[in-house]
Amino acid sequence: RHQAVLDILKQETVTSVADLGCNSLKFLSLAKTLPGLRYLTGVDIDSDVMEEYKHWATPSVCQWLEERPDEFLMELWRGDVTISEAAQVMEDRVEAVTSIELIEHLQPHQVDDFTETVLGVLKPRIWVVTTPNRDYNELFPDWPGNHMK
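Residues numbered from 1 in each chain as written. Predicted model: local features only at pLDDT ≥ 70, side-chain atom pairs only at ≥ 80, totals over all residues. Heavy atoms only, no water.

Asks: Pulling in residues and values, what's your account of the pattern of salt bridges?
Replies: Where side chains of opposite charge bring their charged atoms close, a pairing between them can arise. Using the criterion set out here, one finds six salt bridges in the structure. For E101, the salt bridge is made with R1, and the minimal N-O distance between the two is 2.3 Å. Residue E101 is located in the loop between strand 4 (96-100) and helix 5 (108-122), and its partner R1 is located in the segment before helix 1 (2-11); the two are separated by 100 residues in the primary sequence. The partly exposed category is assigned to E101, whose relative accessible area is 27%. A salt bridge links K123 to E91; its shortest N-O distance comes to 3.2 Å. With a gap of 32 residues between them, K123 in the loop between helix 5 and strand 5 (126-130) and E91 in the loop between strand 3 (73-78) and strand 4 connect regions that are remote in the sequence. Here the residues in one salt-bridge network are E12, E95 and R125, joined through shared partners. (Salt bridge = Lys/Arg side-chain N within 4 Å of Asp/Glu carboxyl O. Helix = DSSP H or I, 4+ residues; strand = E, 2+ residues; numbered from the N terminus. Buried < 20%, exposed > 50% of the residue type's maximum accessible area, 1.4 Å probe, protein only.)

Written out as structure tokens, the structure is:
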């Protein structure tokens, strides 16, 4: 799933990405190597998880030795993706937003607020949303789809 999202972002040649619901920062650790990426941010409501996995966001020793052709900034934010007022600090700052296996954690009444945060405040050129499939979620044992849309 992460690789499919990376492929989309690479194809779209984005230079800035916000990963909403970044959780353990695994996707950020992969996305920071995208060619031409200048800005990457992760937002999650659970600061304890981000603190525990912050090593994923830190460059490795060999990455410190490699010179990037462009300046690069990575930020981590603790926040609720359903509160659009709080997201105004990120208004118009990113070309792409990713929400990898986040939407299924929202209550139905929060989905509209989440959509307003992304489309009304962040206003990305592209928004990639993924949800778990039956291979990863025991709650959907009879799920007929086994492909990405």
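Asks: Give me the sheet that holds strand 1 (residues 16-20): which residues, what numbers.
Replies: In space, the five strands of this open sheet follow the order 3-2-1-4-5, with parallel pairing throughout. Each of the sheet's edge strands pairs with one partner strand only, and the pair in question is strand 3 and strand 5. The average angle at which neighbouring strand axes cross in this sheet is 15°, direction not considered. Pairing between strand 1 and strand 4: three bridges, direction parallel. From the neighbouring strand, V17 faces strand 4, where its bridge partner is A96. Sheet strands touched by helix 5: strand 1, strand 4 and strand 5. Its angle to strand 5, the strand with the most contacts, is close to 160°. (Pairing = 2+ DSSP bridges. Axes fitted to C-alpha atoms, helices over the stretch in contact; angles between N-to-C directions. Contact = heavy atoms within 4.5 Å.)

Asks: So what's going on with the side chain of T98? Residues and values would help.
Replies: Mapped onto the elements, T98 comes out in strand 4. Judged by relative accessible area, T98 falls into the buried class, the value being 0%. A distance of 2.7 Å separates a polar atom in the side chain of T98 from a polar atom in the side chain of D19. When residues no more than four places from it in sequence are discounted, the contact partners of T98 are V5, L9, V17, A18, D19, L20, F27 and V128. (Polar contact = N/O pair within 3.5 Å; in protein donor to acceptor, adjacent residues only side chain to side chain.)

Asks: Run through the nonpolar core, naming residues and quoting values.
Replies: If you look at the biggest cluster of nonpolar residues, it comprises 20 residues, and the most contacted ones within it are L9, V17, F27 and L40. Of all elements in the fold, only helix 1, helix 2 (26-31), strand 4 and strand 5 reach the threshold of two or more residues within this core. Ignoring anything within four residues of it in the chain, the contact list for F27 reads H2, V5, L6, L9, D19, T98 and I100. (Core = buried A, V, L, I, M, F, W, Y, C linked by side-chain atoms within 4.5 Å.)

Asks: Describe in detail the packing of aromatic side chains, supporting the description with residues and values.
Replies: Tallied over the entire structure, the rule returns one aromatic pair. Taken together, a centroid distance of 5.5 Å and an interplanar angle of 75° make the contact between F114 and W127 edge-to-face. Of this pair, F114 sits in helix 5 while W127 sits in strand 5; the two residues are 13 residues apart in sequence, bridging distant segments of the chain. Residue classification places F114 among the buried residues on the basis of a relative accessible area of 0%. (Phe/Tyr/Trp six-rings, centres within 6.5 Å; stacked < 30°, edge-to-face > 60°.)

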